[in-house]
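# Coordinates in review
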Amino acid sequence: MSTPFTGPEFSVTHDPAAPADALVVGVFSGDAGITVDAGVPEAARGPIAAALAVVGAKGKAGEAVRVPAPAGAGLGAATVLGVGLGAAPADGDRVTAETVRRAAGVAGRALDGVATAVTTLSTLDLAATVEGAYLGSYRFAEFRNTSAPKEAPLGALALVTTAGSEAVSEEARDTVEQARRTAAAVALARDFVNTPPNVLSPVEFADRAQRLGAEAGLQVEVFDEKYLADNGYGGIVGVGQGSSRPPRLVRLRRVSGVDGAKHVALVGKGITFDTGGISIKPAAGMEQMTSDMGGAAAVIATVILAAQLNLGVDVTATVPMAENMPSDTAQRPGDVLTQYPGAGKGGITVEVINTDAEGRLILADAMVRACEDGPDYLIDTATLTGAQMVALGTRTPGVMGTDDFRDRVAALSQAEGENGWAMPFPEELRADLNSRVADLANVSPNRWGGMLTAGVYLKEFVADGVQWAHIDVAGPAFNTGAPWGYIGKGGTGVPVRTMLAVLRDIAQRG
């Protein structure tokens, strides 16, 4: 396991004219021309805006323009990087955290090869600046050799704050550290997703989760293929039986020690590679199925982060891991398996109509097991259906589940900039999962509403009384397009920040 990406070294300063290779400022667009953020010294705002305007800066979101620092402006930096924030907010309004996060991400990507920088974006939102700069500068270079980038990522970033006292500065430093840990957790999820599947087998994935969990002080259990078969985990065993690399189930538990703390169960789909099995996928784009464990990656990163931030909530992650391969031992369309026969909704028999609908099979086992612990809340997340992208595109997760909790999760996701969107469970979809020979079929004969039908399937395995949310991140967990904001190509780490926000909210409000 390679050394994880650590991001820039962050510090807090009250001096925007501190010596640095570059000063990063926010740039607003407007009818009268561009303006720079108010964290920049007043005497320098006009000269910086004029210098940026000369080379075509418009202040639009996603823009990055770098110029020499204007002479006589009293700046300590050699160059100025202006990053677009879009139109200036109306009087009394604030720039949103996500706007700042994306601008800081653009800066992080634009500052390759720069050793030191100072930024005034932090006067708009300190935590968002840290997260954006860290994730914008993220890179995964474990397997690069002769084609390695020539320039190192940004080395150090000084964050300007308007705090005037040492006590407030200490609070600012705490904010920076929490934001850095959050970004590091997202980067960990990205690392898992970006690791190629010949390296990240189910066994290796489980080993890494075990090591990281132990380092974070979590209670960790890893169950092998014999245990899974002996104890009736039919979904995980059925999916994994076609591969020479056996499946695993990992359990990571964090106990807060807070009296009366709510218990949240997290479940993440960990298909380390998905060929589709006997129902094999088309060759074009199949290499992207290295990302089919994005849900598991996010869940592992989140439970570790909950421990690091000492959240007042108990968290248990139940993570099924398997590789879905075609072979003479693979499950067939028409096979019938039995999902984990635990308490509550377990022991359901399933006719496997399509072996490429494997994620819901391993999730169902894990969800029943998770519900045996009696959690107050259950969140599962998965790169589950191509239908998610058909319905919502590649950047918007679909959120399903019990109505109140679903809406709560979606609202928190939107506030965090991960933009989860609440989706319904039309009652007529359940009949489409009726099987000719078993309790359920794993897919519907109807192509419509595929994302919702997958959620309806999972609903069958949620224990009564548990508040549940299912987050489908098939598109959002893996960016196949051009970099944007703080998102590069490959693994994105979605929905780590959504799940963190939910855990914090539950810790505060129950």
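Conventions we followed
Residues numbered from 1 in each chain as written. Predicted model: local features only at pLDDT ≥ 70, side-chain atom pairs only at ≥ 80, totals over all residues. Heavy atoms only, no water. UniProt positions renumbered as here; feature names shortened; annotations may be inferred. Helix = DSSP H or I, 4+ residues; strand = E, 2+ residues; numbered from the N terminus. Contact = heavy atoms within 4.5 Å. Phe/Tyr/Trp six-rings, centres within 6.5 Å; stacked < 30°, edge-to-face > 60°. Buried < 20%, exposed > 50% of the residue type's maximum accessible area, 1.4 Å probe, protein only. Lys NZ or Arg CZ within 6 Å of the ring centre and 35° of its normal. Pairing = 2+ DSSP bridges. Polar contact = N/O pair within 3.5 Å; in protein donor to acceptor, adjacent residues only side chain to side chain. Axes fitted to C-alpha atoms, helices over the stretch in contact; angles between N-to-C directions. Left-handed = near helix turned anticlockwise from the far one by under 90°. Nonpolar A, V, L, I, M, F, W, Y, C, P; charged D, E, K, R; others polar. Core = buried A, V, L, I, M, F, W, Y, C linked by side-chain atoms within 4.5 Å. Salt bridge = Lys/Arg side-chain N within 4 Å of Asp/Glu carboxyl O.

Moving on to the UniProt feature "binding site: Mn(2+) 1" (unreviewed entry) in the protein chain. In the numbering adopted here, UniProt assigns the feature "binding site: Mn(2+) 1" (unreviewed entry) to Asp-274, Asp-356 and Glu-358. A maximum C-alpha distance of 8.7 Å among these annotated residues, which run over 85 residues, shows that they cluster at one spot. Tracing the backbone shows Asp-274 in strand S11 (residues 270-274). Ignoring sequence-local partners within four residues, the contact set of Asp-274 consists of Lys-281, Met-286, Met-289, Asp-292, Asn-324, Asp-356 and Glu-358. Inspection of the secondary structure puts Glu-358 in the loop between strand S14 (349-351) and helix H9 (359-371).

What follows deals with the packing of aromatic side chains. Using the criterion set out here, one finds 10 aromatic pairs in the structure. When the centroid spacing of 6.1 Å and the interplanar angle of 45° are considered together, the rings of Phe-140 and Phe-143 count as tilted. Judged by its relative accessible area of 45%, Phe-143 is partly exposed. Note on Tyr-227 and Tyr-233: the rings are 6.3 Å apart at their centroids and 35° apart in plane angle, and the pair reads as tilted. Judged by its relative accessible area of 1%, Tyr-233 is buried. Lying across the ring of Trp-484, Arg-395 places its NZ or CZ 3.8 Å from the centre.

Turning our eyes to something else, we now look at unusual backbone geometry. Looking along the chain, the bond that leaves Val-494 and enters Pro-495 is cis, with omega of 10°. The topology assignment puts Pro-495 in the loop between strand S21 (490-491) and helix H13 (496-509). Residue Asn-310 is not a glycine yet carries a positive backbone phi of 55°. Note that Asn-310 resides in the loop between helix H8 (294-308) and strand S12 (314-324). On the basis of relative accessible area, Asn-310 is assigned to the exposed category, the value being 56%. With phi around 65°, Asn-419 is a residue other than glycine that occupies positive phi space. Here Asn-419 lies in the loop between helix H11 (403-415) and strand S17 (421-422). Overall, Asn-419 belongs to the partly exposed group, its relative accessible area being 28%.

Let us look at the sheet that holds strand S18 (residues 440-441). Read from one edge to the other, the open sheet built from three strands follows the order S13-S14-S18, with strand pairing classed as mixed. The sheet is open, and its two edges are formed by strand S13 (336-338) and S18, each paired on a single side. Taken together, the two bridges between S14 and S18 define a ladder with parallel strand orientation. Opposite Glu-351, over in S18, you have Ala-441 as the bridge partner.

A few words on the side chain of Asn-479. Position of Asn-479 among the secondary structure elements: in strand S20 (residues 478-479). Looking at Asn-479, the relative accessible area reads 13%, which means it is buried. Looking at Asn-479, its side chain comes within polar contact range of the main-chain oxygen of Ala-482, at 3.3 Å.

Turning next to the packing of helix H2 (residues 97-110) against helix H3 (residues 126-136). Here H2 crosses H3 at 35°, and the two axes come no closer than 7 Å. You can see that H2 and H3 cross each other, and the crossing is right-handed. Note on element contacts: H3 touches H2 through Ala-128, Thr-129, Glu-131, Gly-132, Ala-133 and Gly-136, opposite Ala-97, Val-100, Arg-101, Ala-104, Gly-105, Gly-108 and Arg-109. When its residues are assigned to classes, the contact of H2 with H3 shows five nonpolar, five polar and three charged.

If you look at the biggest cluster of nonpolar residues, it comprises 93 residues, and the most contacted ones within it are Leu-121, Phe-192, Ile-300 and Val-319. If sequence neighbours within four positions are ignored, Val-319 has contacts with Arg-248, Leu-249, Val-250, Leu-252, Gly-268, Ala-296, Val-299 and Ile-300. One finds Leu-228, Ala-265, Leu-337 and Leu-458 within the second-largest nonpolar core, a separate group that totals 44 residues.

All right, on to the pattern of salt bridges then. The full count for this structure, using the stated rule, is 26 salt bridges. Residues Lys-226 and Asp-230 are paired through a salt bridge, measuring 2.8 Å at the closest nitrogen-oxygen approach. Separated by four residues within a single helix, Lys-226 and Asp-230 lie in helix H6 (residues 225-230), roughly one turn from each other. A residue is classified by how much of its surface remains accessible, and Lys-226, at 55% relative accessible area, is exposed.

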